[in-house]
Number of protein chains: 2
Amino acid sequence: MKPVLTVVALLLFVLTSGCAQSVVDPTPTVKVVDPLPSWNDGASRQSIIDFVVRVTDPASPDFVPEPERIAVFDNDGTLWSEQPSYFQLFFAMDRVKAMAPDHPEWATQQPYQAVLENDMEALAAAGEHGLLELVMATHGGMTTEEFESVVVEWLATAKHPTTGRPYTEMVYQPMLELLDYLRANGVKTYIVSGGGIEFMRPWTEAVYGIPPEQVVGSSIKTVYEVRDGEPVIVRLPEMNFIDDKEGKPVGIHSHIGRRPIAAFGNSDGDFQMLEWATAGDGARLGVLIHHTDAEREWAYDRDSHIGRLDRGLDEADERGWVVVDMKQDWTAIYPTE
Amino acid sequence: MKPVLTVVALLLFVLTSGCAQSVVDPTPTVKVVDPLPSWNDGASRQSIIDFVVRVTDPASPDFVPEPERIAVFDNDGTLWSEQPSYFQLFFAMDRVKAMAPDHPEWATQQPYQAVLENDMEALAAAGEHGLLELVMATHGGMTTEEFESVVVEWLATAKHPTTGRPYTEMVYQPMLELLDYLRANGVKTYIVSGGGIEFMRPWTEAVYGIPPEQVVGSSIKTVYEVRDGEPVIVRLPEMNFIDDKEGKPVGIHSHIGRRPIAAFGNSDGDFQMLEWATAGDGARLGVLIHHTDAEREWAYDRDSHIGRLDRGLDEADERGWVVVDMKQDWTAIYPTE
């Protein structure tokens, strides 16, 4: 039985037993709401709840004062889907198509040609260097405010290539509940993603309840300029920081300056973040979301080119990390289900 | 008359007039505490209070929702003193002396020799390049946790060369009150300093009430490593980011991702930060602390090698920035007075 259900049962017992006679208000409105309704009862759910109780109970030897309750979440594959490729890549591809009229040379120039012809094979052949070129061409060369408008407009209209849904509807309902549950317990929630920090900030508050100042991600260089008397911050076509693998603890340290007590990821790109968070003293929680549900989402791990999870699966047990089985542990994947 | 005093007078009038008959509790404990007791009544104080009322009153056309109430503060010369040189330079000099036994070559090598011989003239002659070398030699080559211990230990024992006080007692009492006053009105307070981010974070929460994640500053590069099974973040002797002048709006954008509605500085190094904050829509507040009190602190502006304030003084009026006259506007400088 779920512990919250136990509490409900106890309350019902008390309220319907003789003790209820002493209650002053004859119609008490005691309600115990399950904070994680989309999580099946099981070891994953229980580990999360046990951790929260340990760090929030003032009588617990593992009690953590509220300002130090920091939890970090990867985004792609942890808070929203990442197949058949990172959503930010679809954004970059849509940008290439929108910008193509001003760039006739792209019709015969890779990786742009591959994008314009929807040739995913040629795009993959362009490799990491090709992808980086796409990002630079589509994410740089404008002010931060212009870029924000472009992202907001894209999210409002773009649809995922296989589900046909808006991308922001492909966030995980159980993780939204988990974010709320942690915050209700005084835990400050941060995103720490390999994705672009400025690609995420315009919408994470509305979608996840995570404000821009709690988003850490990869970034391109920017400069401050005054243009016709108007100060602007201009995005340069040059990488500044890659917030992935060993970069994640560095990004956390730079932005937060405290070691998190809990970390949630889904791929080996999150390994060091979980390692860093869970190596601290006291109660620690490391969670890997394992994509096991080919029917409701996607199933992939060791051999995936996106979100590869290999070392994490091997070492989760010995490191005491929780591996969430999406198929078994989650009653729903997306909020609209 | 201060507006809070006006409120007190009105309350006293009401409570002692016939209206008081209708008060149920015969001994009401109404107290109106002046939130800025170390600020003399005058234009500076009034401008700050007017701004806070405009952005917090839901009926005001300039009302700002709480999450967007961001205020940024320079540190050196704005929250604590910066003469006869930046306190972080004294830290670096003390570190050179502490590390000298392991570096016999420093006895005849500049800028180290100058530090070991307390030769400030030779140190000045080493210029910016020499200072940078000092910082690299004393701030790098250790883990972030080791560096934090060194800073904490230094602050607990070091004394300012002319006042003989601990450095953390040389913070400005009126600014501590201002930080509290803003926070009590739902404004989130950040430090945005040219000083080292890791030099500030260990003590800003205790001294200013500003937690590590709300500190933005200059930084050196760091890398994540696992040493004998223990993950650490190692500080490299290489600059990563200089949070000064045009760098300040860039640092704000990177760490906060929102444009502040208020900015407080004291030198031309803060010019762009004030420009960026006050160019936004709606009510904005830019404040420059002008060091005018040679008796209680230091007096300097256009010709100072530290905290030079020149363009800011020229343009404050036309930009609507408040210039605080430390001698006239502040009844106390340090908390112990």
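Scroll up a little and you will see the structure.
Residue indices follow the written sequence of each chain, beginning from 1 at its first position. The lettering of chains begins at A and the numbering of ligands begins at 1, in the order of writing. Per-residue local features of the predicted model are confined to residues with pLDDT of at least 70, and side-chain atom pairs are confined, for both listing and counting, to 80 or more; whole-chain, interface and lining totals are unaffected and use all residues. Note that the side-chain values use all heavy atoms of the structure and ignore hydrogens as well as water.

Comments concerning the packing of aromatic side chains
Here is the rule we go by: Between 30 and 60 degrees the pair is tilted, below 30 it is stacked and above 60 it is edge-to-face, where a pair is any two Phe, Tyr or Trp rings, Trp via its six-membered ring, whose centres lie within 6.5 Å. Secondary structure elements follow DSSP: runs of H or I of four or more residues count as helices, runs of E of two or more count as strands, with numbering from the N terminus. Accessibility here uses a 1.4 Å probe with only protein chains present; expressed as a share of the type maximum, an area under 20% marks a residue as buried, one over 50% as exposed, and anything in between as partly exposed. Sitting over a ring, as applied to charges here, requires NZ of Lys or CZ of Arg to be within 6 Å of the ring centre and within 35 degrees of the ring normal.
Summed over all chains, the structure comprises 34 aromatic pairs over all chains. Between A:Tyr172 and A:Trp330, the ring centres sit 5.4 Å apart and the planes meet at 50°, which makes this aromatic pair tilted. Residue A:Tyr172 is found in the loop between helix 7 (144-157) and helix 8 (173-184), and its partner A:Trp330 is found in the segment after helix 13 (326-329); the two are separated by 158 residues along the sequence. As far as burial versus exposure is concerned, A:Tyr172 and A:Trp330 are alike and both buried. With a centroid separation of 4.6 Å and 25° between ring planes, the pair formed by B:Trp80 and B:Trp203 is classed as stacked. Placement of the pair is B:Trp80 in the loop between strand 1 (70-73) and helix 3 (87-99) and B:Trp203 in helix 9 (residues 197-208), with a sequence separation of 123 residues. Each member of the pair B:Trp80 and B:Trp203 is classed as buried. Site record: aromatic cluster; members linked through ring pairs are A:Trp80, A:Phe87, A:Phe90, A:Phe91, A:Phe147, A:Trp154, A:Tyr167, A:Phe199, A:Trp203 and A:Tyr208. Between A:Arg235 and the ring centre of A:Phe147, over which it is positioned, the NZ or CZ distance is 3.9 Å.

Quick look at the relation of the copies chain B and chain A
Short version of the rule: Residues below a pLDDT of 70 in either copy are left out; the C-alpha atoms of the rest, at least 70 in both, set the least-squares superposition of the copies. Note on contacts: a residue pair qualifies if any of its non-hydrogen atoms lie within 4.5 Å across the two residues.
Mapping chain B onto chain A calls for a rotation angle of 180° and an axial translation of 0.0 Å; the resulting RMSD is 0.0 Å. Between the two chains, the operation in question is that of a two-fold axis. Among all C-alpha atoms of chain B, that of B:His255 lies closest to the rotation axis, at 3.1 Å. Taken as a fraction of all interface residues of chain B, those also at the interface in chain A reach 100%, which identifies the copy contact as same-surface.

A look at the pairing of strand 7 (residues 285-292) of chain B
All names here are of chain B. Threshold: Strand pairing follows a simple DSSP-based rule, namely that at least 2 bridges must link the two strands. We call a crossover right-handed when, viewed with the strands running away from us, the connection from the first strand over the helix to the second turns clockwise.
Counting buried positions over the eight residues of strand 7 gives seven, a clear majority of the element. With four bridges joining them, strand 6 (residues 262-265) and strand 7 adopt parallel strand pairing. By the bridge assignment for strand 7, Phe264 is matched with Val287. What joins strand 6 to strand 7 is helix 11 (residues 271-278), and the crossover it makes is right-handed. Both strand 7 and strand 9 (residues 322-325) contribute to a ladder of four bridges, which runs parallel. When the bridges of strand 9 are listed, Val287 appears paired with Val322. Taken together, the two bridges between strand 7 and strand 8 (residues 299-300) define a ladder with antiparallel strand orientation. In the sheet register, Thr292 faces strand 8, and the bridge partner there is Ala299. Connecting strand 7 to the next strand, strand 8, in antiparallel fashion are six residues.

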